[in-house]
Amino acid sequence: MVQEIYRKRIKYALECSYELQANLEILKEEIIQDTAALHTIPAPKTTRYGPDSENGGGSRSSSPEEAFCLRKEEMEERLEAKKKKLYDQQMLIERVDKGLHRMPGDYAKILRWKSGYKTRRLTWVQIANRMGEEDPSYCRRKYSKALDILTGIVYGAEASPIQGVLELDTSEEQGEIL
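Just so it is clear, the model here is predicted, and its values are computed rather than measured.

Visitor: Looking at this model, I keep getting lost on helix 1 (residues 4–15). Mind explaining?
Guide: An α-helical segment advances 3.6 residues per turn. Residues three or four places apart therefore align on the same side. Here helix 1 spans 16 Å end to end across 12 residues, near enough to the 16 Å set by a 1.5 Å rise per residue. Residues Tyr6, Arg7, Ile10, Ala13 and Leu14 constitute the buried set of helix 1. In an axial view of helix 1, the angular spread of the buried residues amounts to 125 degrees, which keeps them on one side of the axis. Considering only its buried residues, helix 1 is in contact with helix 2 (17–40), helix 3 (64–101), helix 4 (107–115) and helix 6 (136–155).

Visitor: Explanation requested: the layout of surface pockets in the structure shown.
Guide: One simple way to see leftover space: roll a probe sized like a water molecule over the atoms. There is about 230 Å³ of room inside the largest pocket. Taken together, Arg9, Tyr12, Asp88, Gln89, Met91, Leu92, Arg95, Val154, Tyr155 and Glu158 make up the lining of the largest pocket. Counting residues per element, the lining of the largest pocket draws most heavily on helix 3, which supplies five residues. Broken down by class, the residue content of the lining of the largest pocket amounts to five nonpolar, one polar and four charged.

Visitor: Just to check I follow, could you spell out the pattern of salt bridges for this structure?
Guide: Proximity of charged atoms lets side chains of opposite charge pair with each other. Using the criterion set out here, one finds six salt bridges in the structure. The partner of aspartate 148 in a salt bridge is arginine 7, and the shortest N-O contact between them spans 2.8 Å. One end of the pair, aspartate 148, is in helix 6; the other, arginine 7, is in helix 1, with 141 residues separating them in the sequence. Among the residues examined, arginine 7 registers a relative accessible area of 17% and is labelled buried. With a closest N to O distance of 3.7 Å, lysine 28 and glutamate 25 form a salt bridge. One end of the pair is lysine 28 and the other is glutamate 25, both in helix 2 and three residues apart, which spans about a single turn. By relative accessible area, lysine 28 is classed as partly exposed at 33%. What makes glutamate 25 partly exposed here is its relative accessible area of 40%. A single salt-bridge network, built from bridges that share partners, covers Glu30, Asp34 and Lys82.

Visitor: Is there a simple way to explain the environment of proline 136 in this structure?
Guide: Locating proline 136 in the fold gives a position in helix 6. With 13 residues separating them along the chain, proline 136 and threonine 123 place their C-alpha atoms 9.1 Å apart. If sequence neighbours within four positions are ignored, proline 136 has contacts with Trp124, Val125 and Ala128.

What counts and how
Residues numbered from 1 in each chain as written. Predicted model: local features only at pLDDT ≥ 70, side-chain atom pairs only at ≥ 80, totals over all residues. Heavy atoms only, no water. Helix = DSSP H or I, 4+ residues; strand = E, 2+ residues; numbered from the N terminus. Expected span 1.5 Å × (residues − 1). Buried < 20%, exposed > 50% of the residue type's maximum accessible area, 1.4 Å probe, protein only. Arc of directions from axis to C-beta. Contact = heavy atoms within 4.5 Å. 1 Å grid on protein atoms, 1.4 Å probe; cavity = no way out; pocket = protein on both sides within 12 Å on 5 of 7 lines; lining within 4 Å. Points joined across faces, edges and corners; volume = space filled by probe spheres on them. Nonpolar A, V, L, I, M, F, W, Y, C, P; charged D, E, K, R; others polar. Salt bridge = Lys/Arg side-chain N within 4 Å of Asp/Glu carboxyl O.

Structure representation (structure tokens):
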């Protein structure tokens, strides 16, 4: 049994493949724009080093240099977050695509037809007709199994929780082994 969160990610990647591709293109453009903006921000033109005294003394406000450095750090953090998001989404799409090519039997066909992965979505009756089955519930069961298989292919052991030992041996001997 695979963890539900991983299963939902795979289902989302299958059902929203066009949207994910469009989002990747937008992210790429934003990264290019942010990188260009980061390289063109001029440094503040001041010879003063220290807090501004415009607020009437006693208050600590940052100098123009410090404010510039803080803005630049924020932009760099946002840029890195976008790069990480782009990488994660690209990897998910690539792994789902490669996983579908490695699926056994009719599992990949059922996943593609039902989720509309790079094709139009079909109903359970249409899928059953294409497979030569009389009962659409067979296709539903096969779809659920296929989703579990693909989740295992994409995420591996991370998606399947390991069953714990019911009776733990807490002896000193066992502790030394572990």
